[in-house]
Amino acid sequence: MNEKATYIVMLGPPGAGKGTQAKILAEKLGLVHISTGDLFRENLSQETELGKLASSYMAKGELVPDDVTIAMVKERLSRPDCAKGAVMDGFPRTPAQAEAFEALLAEIGGKVDLVPFISVPNDVLVERLSGRWMSHAGRVYHALYNPPKVKWVDDVDGSPLYQRDDDKPETVLHRINVYYDQTSPLIDFYRQAGKLVEIDGTQEIEQVTEDLLKAVA
Ligand code: ADP
Ligand code: AMP
């Protein structure tokens, strides 16, 4: 049991800025950043069984089944670097995952402390995802809004950037629909629990970070 562990759940549609902000927050707060999307992509690049299974869902913009995702998160949270807590990015994403997460945290004496809901309208999401450039280490850039120093090159390790297959316009629109169908019920779930704080995600990255830090304080 760790009394001091802090768990923050970043909620919002694909492209809202969850990953961008989760990285900054985790660093500033000394917490681990857990992105289930990054974990699946790592498995995919290492060609694990989990990666192969996940890729069939990810390519279509569908969610990976709950039991598989929950087991992966359970394993990740059991590692020693999570002792102080975590900033969750892309998990939970369904009501079943949210229930399982509550149970999982209860087992280790923790709870969800805060759920920043980053709201951004659909037209902005599409523009953000179509310009998103990723590094293999999971760093996130945008061609216009957060460009690397050199086009298509990671600022930190100089490796080439890539565009995610599921950031193609047709898949993006489907992912946004999946978000509204399966994930948006979590807004009420966490609002009723008194944990939701709405953040205007249309602002510049630095301003969103400032609002988040105020909410955490
Ligand atoms: P999510 O994790 O919610 O899918 P990301 O953090 O990957 O979203 O952000 C999606 C894209 O939008 C990235 O290219 C990122 O650089 C860009 N982005 C993130 N936040 C902002 C912002 N406040 N203004 C403009 N672009 C942003
Ligand atoms: P993301 O990087 O968060 O945009 O996630 C990319 C893809 O990974 C999603 O479209 C899903 O296919 C899969 N994925 C990530 N997180 C989850 C989750 N919590 N539950 C189910 N599938 C997920």
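What comes next is a walk through the structure. (Residues numbered from 1 in each chain as written. Chains lettered and ligands numbered in written order. Predicted model: local features only at pLDDT ≥ 70, side-chain atom pairs only at ≥ 80, totals over all residues. Heavy atoms only, no water.)

Some remarks on the packing of aromatic side chains
A full pass over the atoms with the stated rule returns 4 aromatic pairs. Taking 4.0 Å as the distance between ring centres and 20° as the angle between the ring planes, the aromatic pair formed by W133 and W152 counts as stacked. You can see W133 sitting in strand 5 (residues 132-134) and its partner W152 sitting in the loop between strand 6 (140-142) and helix 7 (169-183), a full 19 residues away along the chain. For W133, a relative accessible area of 7% puts it in the buried group. Ring plane angle 75° and centroid distance 5.0 Å describe the contact between Y179 and Y180, whose orientation is recorded as edge-to-face. A relative accessible area of 38% means that Y180 is categorised as partly exposed. (Phe/Tyr/Trp six-rings, centres within 6.5 Å; stacked < 30°, edge-to-face > 60°. Helix = DSSP H or I, 4+ residues; strand = E, 2+ residues; numbered from the N terminus. Buried < 20%, exposed > 50% of the residue type's maximum accessible area, 1.4 Å probe, protein only.)

Overview of the site of ligand 2
Around ligand 2, a shell composed of 16 residues is seen, among which T36, R41, E62, G90 and Q97 lie nearest. A distance of 2.8 Å separates a nitrogen atom of ligand 2 from a polar atom in the side chain of T36. The separation between a nitrogen atom of ligand 2 and a polar side-chain atom of Q97 is 2.9 Å. Here ligand 2 has 480 Å² of accessible area as a free molecule, and 96% of this is covered by the chains. Broken down by element, the residue count for the shell around ligand 2 peaks at 4 residues, all from helix 2 (residues 36-45). The residue inventory of the shell around ligand 2, partitioned by class, reads 5 nonpolar, 5 polar and 6 charged. (Near = heavy atom within 4 Å. Polar contact = N/O pair within 3.5 Å; in protein donor to acceptor, adjacent residues only side chain to side chain. Areas by Shrake-Rupley, 256 points an atom, 1.4 Å probe, with all protein chains shown as cover. Nonpolar A, V, L, I, M, F, W, Y, C, P; charged D, E, K, R; others polar.)

Section: the packing of helix 4 (residues 66-77) against helix 5 (residues 95-107)
Relative orientation of the contacting elements helix 4 and helix 5 amounts to 25°, with a least axis distance of 10 Å. As summarised for this structure, helix 4 and helix 5 are arranged roughly parallel, according to the angle between their axes. Relative to helix 5, helix 4 is oriented so that their crossing is right-handed. On helix 5, the residues touching D66, T69, I70, V73, K74 and L77 of helix 4 are A96, Q97, A100, F101, L104, L105 and E107. Looking at the contact of helix 4 with helix 5, its residues break down into 8 nonpolar, 2 polar and 3 charged. (Axes fitted to C-alpha atoms, helices over the stretch in contact; angles between N-to-C directions. Parallel < 35°, antiparallel > 145°, perpendicular 65-115°, else oblique. Left-handed = near helix turned anticlockwise from the far one by under 90°. Contact = heavy atoms within 4.5 Å.)

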